Amino acid sequence: MTPIAIIPWDRDFLAGLVSHVVERFEGRFENLVILFPHRRPKRYLVDKLQADSRLAKPCLLPNILSIGDLFADLCQRVHRKPLRQLGELDQVGLLHRVVSSLRPGLRGDTDGFPAEVKDFFPWGLRLSRLMDELFQQRVTAADLEHLQDQVLPTAATLLGNLRSIQAAYRQALLDEGAATPGLMHALVAENATQAVEALRGKLILACGFYALTGSEEALLKPLWKSGRAEILWHTDPDVARAGASPHWSCREHSQWLTGWKAKATVLTDEKRSPLPTWRKRGDQLSLFSAAPAPPPPRRAAITFHQGFDLHSQLKALREELDKAGDTAGYAVVLPDTNMLMPVLHHLPRRDVNISMGFPLTRSPLFQLVDLLLRLQDDRRPQGYHWRQVIGCLRHPLLKFLEVDGQQPLRLVFHAWEEAIRKGEKYLDPASWTPAEDLFTGVEGREAVEALLRRVVAVCFTAFEEVSTPRAMAQALLGLASLLLDPDHGGGHWERFVIDAQCLARLMDVVIPELHDSSISNEPFPPEAVRTMARELVKRQRVPFEADPLAGLQVLGMLETRLLTFERVFILGATEDVLPGAPKPDVLLPDPLRQSLGLPDQRHGDLVAAHTFYRLIQGAREVGLFTSSGIQPGLLDGKSMPSRYVEQLIWEEEKRQGRLLGASDAPRRLISLPMRGVLPPSPAVANTHACRMRVQTLLRYRSLSPTFLDDYIKCPLRFFYKYVTPLAPLDEVAESGDPPALGQLIHEVLQDFFRPRLNQFLDPTTVEAEPLLKAFEHRLETAPFFRQMPPDARLMLQRTGRHRLSAFVAAMVPTTPLELETRLETPFSLGGETYKLRGDVDRVDRREDGLWVLDYKTGGQRKPKPKFWDDETLWDWIECQNPAEDTSLLPKLAASLESIQLPLYLYLYKQKTGLLPVNGAFVALGTGGQEVPLLGAKVDAGLKERYILEQVPALVGCILRLILGSQEFVPTPSRSCEWCPYATACGLKPV
């Protein structure tokens, strides 16, 4: 038996492999099969063979296969009948039939077992993966019983009958002439003698394997024993040395030698390792060796970069690459593939090759597909929810659709969104028709309208009532056809290559799987079909095969296996991705895997560790980037460096004999430039243009109490509301519309009191029922009421009846004189004359005189009792230029609350010559009681001074502030929570 050969892991494995096969076989490769654990090294090996001057050209290359390809080929040779490989949907469908047929004989509690495919589907995906792993490991499952307290009831039932399910599933696959990758491995392993015979005349060179599955060992071990296979490892050479202490991550190799009773030899012949001089060293071995060793004369340059977050890591990476110049032979390794897009944006503009898988879930295409599926999940008989429709209209892949080189849907969708926000809670997209003037001056109107109808049909109608996987495939194909239509796609896919690859993955993998599986024509509930499609799309990864292999390489950690680079940068080397936290498995949790003889998380950690240490052993320089910031999530926590990084730091500290600080070489603390941060000030300068705008408003429109109140409450909100063209965003009032409700109640009360004008009303004789019926009738016809959920409608209806009943019960004897009276009077200030205006809800005559009433469905804002006599405040109000010192403005806002009702009394006196004795807020929002403006102890002289002298002085002060202040400053208060301009302001609510 040939000893297992080891190429030291500080050498370039593929370069050593090329030297080995070139010198040994001298270009006669017709009987040589080079076997790798995966397909990626083949491309690198072919390039190295092509560049090797010792190999005569042209020549036939050896047969280079991955272990999966070899098993698939041997399975067709050793099995009697050809087997077709099943997709995931086929596997789930077959498992469902198997388990359903076994269900009457299942042991344990079967009440919670999902009999319907829609409920079985997520369990079927997990069960199919478990079956495949059992096949690959050559494990005959045992029934795991008494797990009711450890897993969910469904999982307990499946695991309690796992042996029967595995046997029936295997038989069902073979009966249908089908197989899975795992079953192909199992069939070859069961017929290992025939498989070895099928490879007669071939020499298998198994390269770079770290740990074998049960089926792989069943094939390779007899091949090795018979001399038809040789094993090459890329690992710590101490594995081959008796009495040495190899690195702990090479434990699987040591156990492999023991299990096979094999010997290992190190390929030390220098002519077989044509590597750069910087690789000819053994210094890093001492760094990782468990045995003590003297300090080596040279060490690998490992730098530990610690930043706060990904931004700081990218900054340091860019600095390192800019200093490097030529980046050929460099690799940027991403343990977390979600980093790919931000990393690409920070790389220098040089040759960059991506050699990794990109998750489809991170693409705009997945966001669109997921949005369309969620639209159907939440669809009601009345139509689609308005927010989700707007989300669809805002998606860039739809807005990018072109007609004659233009993108007209942007304008159309904007108009449509505006109509949706003013419409109902649920809507039918097919019922909307663009206004005629929307296409004024637009060429090709018919083409734009046709494209709009197609978008509606593809994104909404096509996904409705999809009850089979094949129908879902056709709906997705319609979406892909729309996006790829040459008349509408433009050059988008040529510019955005990653998006194009994601779309290709959808069309090449997901759609065929849904369309051609054995269950494609079987009817399912629509929500089950959407679940299938969503899960299939989520599981896709878009592969990027770099070709040619030049320039800077961007890879995932798994993609680096057997590859060697001159300089390596590993970003995001934190514990949660390197080695990574165990993924929860609701079917077979990690503690139960050993019960079945399956590899557990510790085995996965060893594989990750060997991949990591093997990579950095072969590099001249290594940069390890970690973050220490807070990771947002359900349980916010600080990012922790990977345990592998911590071990390297500890080894370095032992070498130097001291603890290393965050900035002690070779550690480097990434610092970002810090500049003085000014306190946030959302205030806006009151420029000449602003003053001109305000003067125009004052000159050509009436001054209402709301206009003045808005400035007192918050000058910045006043600026956004009156000086700028910004307007609050119209939205469907799902939770109610307080302004519309207030207007409705005002109108109901007008109708109630109008026939009773100039009539004395005795509260004991006023019936509330006509008022309540009028309120209910108006409420049922109100648009905002129809948009509210049923529980909120019922609550509002009952609350309204209760409060209007309380209002009638709290009425005082009175005679209504006027309703909704418009009051106007001129007001002079600084040589300019303005028009003051107010709309009074009701004016009554009572025993003591005239009363002005103001209905309030919310809270009443009444001036504080001490407001009228606060000398400090009134000295500032009555001065000629209050804008010189605006420090008392917050005090004025807090003390005055609102100028509305006092101004109504002033306006009524100016218009009629009669001074009301008082005003009152009618608190409809609480018990319907009247809250007087002025207390009973205020005599007539004080009332006249308050209303006729102090109110106009207050109006003048506010106008001088509006025109003379240097800036519009915000006034934080509780109302910031519902301010429509809170986003523009940026201040947090108080």
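Conventions we followed
Residues numbered from 1 in each chain as written. Predicted model: local features only at pLDDT ≥ 70, side-chain atom pairs only at ≥ 80, totals over all residues. Heavy atoms only, no water. Helix = DSSP H or I, 4+ residues; strand = E, 2+ residues; numbered from the N terminus. Buried < 20%, exposed > 50% of the residue type's maximum accessible area, 1.4 Å probe, protein only. Contact = heavy atoms within 4.5 Å. Areas by Shrake-Rupley, 256 points an atom, 1.4 Å probe, with all protein chains shown as cover. Salt bridge = Lys/Arg side-chain N within 4 Å of Asp/Glu carboxyl O. Core = buried A, V, L, I, M, F, W, Y, C linked by side-chain atoms within 4.5 Å. Pairing = 2+ DSSP bridges. Axes fitted to C-alpha atoms, helices over the stretch in contact; angles between N-to-C directions. 1 Å grid on protein atoms, 1.4 Å probe; cavity = no way out; pocket = protein on both sides within 12 Å on 5 of 7 lines; lining within 4 Å. Points joined across faces, edges and corners; volume = space filled by probe spheres on them. Nonpolar A, V, L, I, M, F, W, Y, C, P; charged D, E, K, R; others polar. Phe/Tyr/Trp six-rings, centres within 6.5 Å; stacked < 30°, edge-to-face > 60°. Lys NZ or Arg CZ within 6 Å of the ring centre and 35° of its normal. Parallel < 35°, antiparallel > 145°, perpendicular 65-115°, else oblique. Left-handed = near helix turned anticlockwise from the far one by under 90°. pLDDT = per-residue confidence, 0-100. Patch = residues over 30% accessible without salt bridge, like charges linked within 9 Å, V, L, I, M, F, W, Y side chains within 5 Å. Lys, Arg positive; Asp, Glu negative; His and termini not counted. Charge placed at Lys NZ, Arg CZ, Asp CG, Glu CD. Expected span 1.5 Å × (residues − 1). Arc of directions from axis to C-beta.

**A short note on the overall build of the protein**
- Tallying secondary structure elements over the protein gives 40 helices and 28 strands in all.
- Along the longest, intermediate and shortest principal axes, the C-alpha atoms of the protein span 120 × 70 × 65 Å.
- Looking at the protein as a whole, 51% of its 990 residues qualify as buried.
- Long-range pairs, those at least 24 residues apart, make up 78% of the contacts in the protein between residues at least 6 apart in sequence.
- Accessible area for the protein stands at about 46,200 Å²; split by element, carbon and sulfur atoms hold 52% of it.

**A word on the pattern of salt bridges**
- This structure, assessed with the given rule, holds 57 salt bridges.
- The salt bridge partner of Glu417 is Arg421, with a shortest N-O separation of 3.2 Å. Placement of the pair is Glu417 and Arg421 together in helix α18 (residues 409-421), with a separation of four residues, close to one helical turn.
- By relative accessible area, Glu417 is classed as buried at 13%.
- Arg421 gets classed as buried once you look at its relative accessible area, which sits at 9%.
- The residue Arg822 makes a salt bridge to Glu824 at a minimum N-O spacing of 3.8 Å.
- According to the relative accessible area criterion, Glu824 is partly exposed, its value standing at 36%.
- Each of Lys315, Glu319, Glu320, Lys323, Glu566, Arg567, Arg620, Glu621 and Arg668 takes part in one network of salt bridges that share partners.

**Remarks on the environment of Glu897**
- Relative to the elements of secondary structure, Glu897 occurs in the loop between α37 (889-896) and α38 (900-912).
- Placed 30 residues apart in sequence, Glu897 and Phe867 show a C-alpha to C-alpha distance of 9.9 Å.
- Setting aside residues up to four positions removed in sequence, Glu897 forms contacts with Arg861, Lys862, Pro863, Lys864 and Leu892.

**Looking at the nonpolar core**
- By size, the foremost hydrophobic cluster in this structure holds 210 residues, and its most contacted members are Leu17 and Leu127.
- For this core, the leading source of residues is helix α5 (residues 117-136), giving 10 residues.
- When near neighbours in sequence (up to four residues on either side) are disregarded, Leu17 contacts Ile7, Ile34, Phe36, Leu45, Leu205, Cys207 and Leu232.
- One finds Tyr722, Trp876, Leu901 and Tyr906 within the second-largest nonpolar core, a separate group that totals 66 residues.

**Topic: the sheet that holds strand β3 (residues 63-66)**
- Read from one edge of the open sheet, six strands run β3-β2-β6-β7-β1-β8, paired in parallel fashion. Edge positions in the sheet fall to β3 and β8 (264-266), since each of these pairs with one other strand and no more. Neighbour to neighbour, the strand axes of the sheet diverge by 25° on average, direction disregarded.
- Note that strand β1 (residues 4-8) and β8 share three bridges and pair parallel. Across the sheet, residue Ile4 finds its bridge partner in β8, namely Ala264.
- This element, helix α2 (residues 40-51), spans β2 (32-36) and β3 of the sheet and lies at about 130° to β2.

**Brief notes about the pairing of strand β24 (residues 832-846)**
- Relative to β24, strand β23 (residues 815-829) runs antiparallel, the two being bridged by 13 bridges. Bridging from a neighbouring strand, Ser828 pairs with Thr833 of β24.
- In this sheet, strand β25 (residues 849-856) lies alongside β24 in antiparallel orientation, the contact comprising five bridges. When the bridges of β25 are listed, Arg842 appears paired with Leu853.
- Counted along the chain from β24 to the antiparallel partner β25, the turn is two residues long.

**Quick notes on the environment of His96**
- Relative to the helices and strands, His96 is located in helix α4 (residues 88-102).
- Taking the C-alpha atoms as reference, His96 lies 41 Å from Leu205; in sequence the two are 109 residues apart.
- With near-sequence residues (within four places) excluded, His96 lies in contact with Ala115, Glu116, Val117 and Phe120.

**Quick notes on empty space enclosed by the protein**
- With the rule as written, the count across this model stands at four cavities of 30 Å³ or more.
- Estimates place the volume of the largest cavity at around 160 Å³.
- Contributing to the lining of the largest cavity are 16 residues, with Cys714, Arg717, Cys976, Cys979 and Cys985 lying nearest its centre.
- With three residues, the single largest contributor to the lining of the largest cavity is helix α31 (residues 715-723).
- Residues of the lining of the largest cavity, tallied by class, amount to 11 nonpolar, three polar and two charged.
- Of the pockets and cavities examined, the second largest cavity occupies roughly 50 Å³.
- In terms of lining residues, the second largest cavity is bounded by Phe807, Ala810, Met811, Val812, Thr814, Arg842, Arg846, Gly928 and Glu930.
- Looking at the lining of the second largest cavity, its residues break down into four nonpolar, two polar and three charged.

**Focus on the packing of aromatic side chains**
- Under the criterion given, the structure shown has 28 aromatic pairs.
- Between Phe707 and Phe718, the ring centres sit 5.0 Å apart and the planes meet at 80°, which makes this aromatic pair edge-to-face. Of the two residues, Phe707 is situated in helix α30 (residues 705-713) and Phe718 in helix α31; the sequence distance between them amounts to 11 residues.
- For Phe718, a relative accessible area of 0% translates into the label buried.
- One aromatic cluster is present, built from ring pairs that chain together Phe707, Tyr711, Phe718, Phe719, Tyr720, Tyr722, Phe968 and Tyr981.
- Here the basic side chain of Arg756 rests over the ring of Phe752, its NZ or CZ set 4.2 Å away from the ring centre.

**A few points about the packing of helix α32 (residues 738-753) against helix α33 (residues 769-781)**
- Their axes nearest at 10 Å, the elements α32 and α33 cross at an angle of 140°. Taken together, the axis directions place α32 and α33 in an arrangement best described as oblique. Crossing of α32 against α33: the hand is right-handed. Facing Leu741, Leu744, Ile745, Glu747, Val748, Leu749, Asp751 and Phe752 of α32, the residues of α33 in contact are Leu771, Ala774, Phe775, Arg778 and Leu779.
- Grouping the amino acids of the contact of α32 with α33 by side-chain chemistry returns 10 nonpolar, no polar and three charged.

**Remarks on the confidence of the model for the protein**
- Residues with a pLDDT of 70 or more make up 93% of the protein, whose mean pLDDT is 87.
- Per-residue pLDDT stays below 50 along residues 270-299; that stretch engages in 68 contacts with residues further than four places along the chain or on separate chains.

**A look at the sheet that holds β25**
- In spatial order, the strands read β23-β24-β25-β26-β27; together these five strands make up an open sheet with mixed pairing. Pairing within the sheet leaves two strands with one partner each, and these edge strands are β23 and β27 (930-932). Strand after strand, the sheet turns through a mean of 40° between neighbouring axes, direction not considered.
- Strand contacts of α32: β23, β24 and β25, with the helix running at about 120° to β23, the strand carrying the most contacts.
- Here α38 sits on the sheet and contacts β23, β24, β25 and β26 (918-923); the angle it forms with β23, its principal contact strand, is near 85°.

**Overview of unusual backbone geometry**
- Following Lys57, the chain continues into Pro58 via a peptide bond in cis, with omega recorded as -5°.
- Mapping Pro58 onto the fold places it in the loop between α2 and β3.
- Cis peptide bonds are those with omega within 30 degrees of zero, and the linkage from Ala665 to Pro666 qualifies with 5°.
- Within the secondary structure layout, Pro666 lies in the loop between α28 (643-656) and β21 (667-669).
- You will see that Glu26, though not glycine, has its phi angle at about 50°, which is positive.
- Mapped onto the elements of the fold, Glu26 is located in the loop between α1 (13-25) and β2.

**Quick notes on a negative patch on the surface**
- Residues Glu871, Asp875, Glu878, Glu944 and Glu949 make up a contiguous surface patch of negative charge.
- Those elements giving two or more residues to the negative patch turn out to be α36 (871-877) and α39 (940-964).
- For Glu871, the position within the fold is in helix α36.
- You can call Glu871 exposed: its relative accessible area is 63%.

**A word on helix α3 (residues 67-78)**
- In this model, α3 (12 residues) spans 16 Å end to end at C-alpha, consistent with the 16 Å of a helix rising 1.5 Å per residue.
- Taken together, the buried positions of α3 are Ile67, Leu70, Phe71, Leu74, Cys75 and Val78. Seen end-on, α3 carries its buried residues on one side only, within an arc spanning 135°.
- Close packing links the buried residues of α3 with β2, β3, α8 (181-190), α9 (192-198) and α10 (214-225).

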